[in-house]
Amino acid sequence: MKRLLGFARRFFRHRRALLLGIACIPLASVCDIRLTLWIGNALSRLGKKEDPAFLKELVVWLLGVAAIQGVFRYCARWWVVGVSRRVEVELKQELFDKLTRLPLAFHVRSRSGDIVTRLPSDVENVRMLIGPGSMYVLGSLFMVPGSLWVLFHVSPGITLAMTLPLLLVAIVMMLMTPRLQRHSTSVQESLAEIAARAQESFAGIRVVKGYGLAEHENARFRAASEKNRGHQITLARVQGLQDAAIHLAYDLAFLPILVVGGWAMIDRALDVGDLFKFVDLGFKVFWPVIALGWIAGLFPRAVASAERIDELLAERSDIEDPAAPRTPAKVEGRLSLRDVGYTYESAPRQALAGITLEVPAGTTLGVVGPTGAGKSTLLNLLGRLFEAQGEIRLDGVPIRELPLDLLRGSLAYVPQDSFLFSDTYRANIEFGAKEPLSEAEIERLIRLSAMSDEVKAFPSGIDQLIGERGVTLSGGQRQRTCIARALAGDPRVLILDDALSAVDTETESRLLGSLRSAGRGRTVIVAAHRIATVRGAEQILVLREGRAEALGTHEELLERSRWYRTTWERQRMSAELEVL
Ligand SMILES: Nc1ncnc2c1ncn2[C@@H]1O[C@H](COP(=O)(O)OP(=O)(O)OP(=O)(O)O)[C@@H](O)[C@H]1O
Ligand SMILES: [Mg+2]
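Residues numbered from 1 in each chain as written. Chains lettered and ligands numbered in written order. Predicted model: local features only at pLDDT ≥ 70, side-chain atom pairs only at ≥ 80, totals over all residues.

1. Digging into the pairing of strand β3 (residues 364–368)
Part 1 of the reasoning: Of all five residues making up β3, five are buried, and the element is well covered by its neighbours.
Part 2 of the reasoning: Note: β3 against strand β8 (residues 523–527), four bridges, orientation parallel. Within β8, the residue paired with Gly366 across the bridge is Val526.
Part 3 of the reasoning: Two elements, β3 and strand β9 (residues 539–544), share four bridges in a ladder whose sense is parallel. Paired with Val367 across the strands is Leu541, a residue of β9. (Buried ≥ 20, exposed ≤ 12 C-beta atoms within 10 Å, placed from the backbone. Helix = DSSP H or I, 4+ residues; strand = E, 2+ residues; numbered from the N terminus. Pairing = 2+ DSSP bridges.)

2. Points about the site of ligand 1
Part 1 of the reasoning: Near ligand 1 lie 15 residues; those nearest to it are Tyr344, Ala351, Lys375, Ser376 and Thr377.
Part 2 of the reasoning: The greatest single-element share of the shell around ligand 1, amounting to three residues, is contributed by helix α10 (residues 375–382).
Part 3 of the reasoning: Classifying every residue of the shell around ligand 1 gives five nonpolar, eight polar and two charged. (Near = placed C-beta within 6 Å. Nonpolar A, V, L, I, M, F, W, Y, C, P; charged D, E, K, R; others polar.)

3. Section: the packing of helix α6 (residues 156–203) against helix α8 (residues 214–266)
Each pair of packed helices can be described by the angle between their axes along with the distance between the axes.
Part 1 of the reasoning: The geometry of α6 relative to α8 is characterised by a closest axis approach of 9 Å and an angle of 170° between their N-to-C directions. Our classification of the angle between α6 and α8 gives roughly antiparallel.
Part 2 of the reasoning: Split into classes, the residues belonging to the contact of α6 with α8 amount to 26 nonpolar, 14 polar and six charged. (Axes fitted to C-alpha atoms, helices over the stretch in contact; angles between N-to-C directions. Parallel < 35°, antiparallel > 145°, perpendicular 65-115°, else oblique.)

4. Here we look at α8
Part 1 of the reasoning: If you check α8, its first and last C-alpha atoms are 76 Å apart, about what 53 residues at 1.5 Å a residue would give, namely 78 Å.
Part 2 of the reasoning: Buried within α8 we find Ala249, Ala253, Pro256, Ile257 and Gly261.
Part 3 of the reasoning: Those residues of α8 hidden inside the fold are in contact with α6 and α9 (272–314).
Part 4 of the reasoning: Arg268 sits one or two positions beyond α8 and adopts a positive phi of about 65°. (Expected span 1.5 Å × (residues − 1). Contact = placed C-beta atoms within 7 Å.)

5. Thoughts on the sheet that holds strand β4 (residues 389–394)
Part 1 of the reasoning: Spatially, β2-β1-β4-β5 is the arrangement adopted by the four strands of the open sheet, whose pairing is antiparallel. Looking at which strands have only one partner, the edges of the open sheet turn out to be β2 (352–359) and β5 (397–398).
Part 2 of the reasoning: Where strand β1 (residues 335–342) and β2 come together, five bridges link them in antiparallel fashion. Directly across from Ser336, in β2, lies its bridge partner Glu358.

6. Describing the domain arrangement of the protein
Part 1 of the reasoning: Entries for the protein in the domain assignment read domain 1 (1–154 + 299–317), domain 2 (156–269) and domain 3 (335–579).
Part 2 of the reasoning: The C-alpha centroid of domain 3 is placed 54 Å from the C-alpha centroid of domain 1. (Domains from an automatic or database assignment.)

7. Side note on the nonpolar core
Part 1 of the reasoning: Of all hydrophobic cores here, the largest spans 69 residues; its most connected members are Ile495 and Ile525.
Part 2 of the reasoning: Of all the elements, helix α15 (residues 475–488) adds the most residues to this core, at six residues.
Part 3 of the reasoning: Residues contacting Ile495, with those up to four places away along its chain left out, are Leu379, Leu382, Leu411, Ala412, Tyr413, Val414 and Ile525.
Part 4 of the reasoning: Judged by nonpolar contacts, the second largest core, of 45 residues, contains Leu18, Leu166, Ala253 and Phe278. (Core = buried A, V, L, I, M, F, W, Y, C linked by C-beta atoms within 7 Å.)

What follows is the structure, given as structure tokens:
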């Protein structure tokens, strides 16, 4: 409840529109009841054979008040629903902001899918209750007691008799709404599963075909479809049940009006106008009562959703801007690591420990080691994607004391899995720059990343759509595009995490050569499986099981590290075999 009040506060920010909308609701209800009373009274007068001349004036009044009522209803909906949509957008934006700012460790821990897929429905649950929900409650709060009060004055007996079925229908709605919601969520989930199944099968079509798995995939798809069919049928059954219950209650509510009212009419205790009032107002309060039951049913779920949203918003980021940031006048790109380590939350042992080294500005550090040695972990620590144990300094300032924007703006990171957005080639490169790039700059980046020939061959050149709905790039082309993106921001420190693994050795050495000559003064940290990639680096770090085994130049390491020497020889041999 406290949580929902917290959300209500968000609505309060738009109080002007909200108050105007809410003020319209009772006004519309008053008009509505007034109309029924006028028509009922007119019928009574006609029943007493009065001169129908009064009808002319009445019709004008009826049309006028009906129009005013329409305007009030329109405004109420416009304002209240408008505000609830605005709150929804603000809340979604706030959550998105939060999710993008939360540290990588959070996303690793929560397997982002879980939270992210549930978020839209959580937001929707809360919005439904506070937006349209509160509008219906407010509408009912005036309409239902107002109508019953008017009817009570006409005939207390009939009013009491029709209240009972109304109460019943509200309770039925309240009990059935959660079930309905549960089943419709199952339907949504199974639909999403079908889409995911199909998407995965086609994304992995090479594997599916290569391994002759078509029949297997077909069976999995069929299973997902059948599950969905089951949920759809259950949902339809519950919906049918609810429909039937509502109609039954509807008839039950009108039965006392007809029976008791009919008797009263025969006794002349009630005239036709009064009966009309019962029928008409009975009809008008029936739907608000249903809405009340529906909202009462929505309530528990909305509270649970509000709790989850709150938890996410309260999630603290341990990687934040420092309270008193130190901003150096100019970033040179000198990195110093002292006793740096890292332990993943879910892991029993340190992934990295005791790394101490110095990378002078403008030099290259190669990082090699067997798979799982901690290369990617080390590279991630430099940009504070994870918070390192020990101390990392950039130009002598601990990176924890640098403004995050400055730190991440000075580094460019090319991850091991070259991720591209499904957008144009140009947009993918510009993503790495702080401002739009000139044609000449883009040309230069394409040249630097050794992609000129390929980009020329694209049907639409640099405006070619790549990814899902465009040209599909090869692994090596993707990697080089990622490098162009990293260079677009003209970073002082370039971090390449095995970012050339899918590029052939010849292109690789051409690319590294041009990176070095173009990046004069730029610090480069490059992790690699191929020793040839890092051979020319001023320093090479050999990592094994998270520890620094050796540090030195290529020649020094050939003497100092057995792993380095044997790996180098093996790789050289297989390269020679390739040439043969
Ligand atoms: N998110 C994670 N949670 C738990 N442990 C992890 C996580 N990521 C990596 N590790 C572990 O940390 C260790 C170092 O991993 P890292 O990815 O840094 O290795 P790497 O040297 O980059 O390997 P590769 O050459 O295969 O890229 C491994 O033992 C790995 O299993
Ligand atoms: Mg790695």
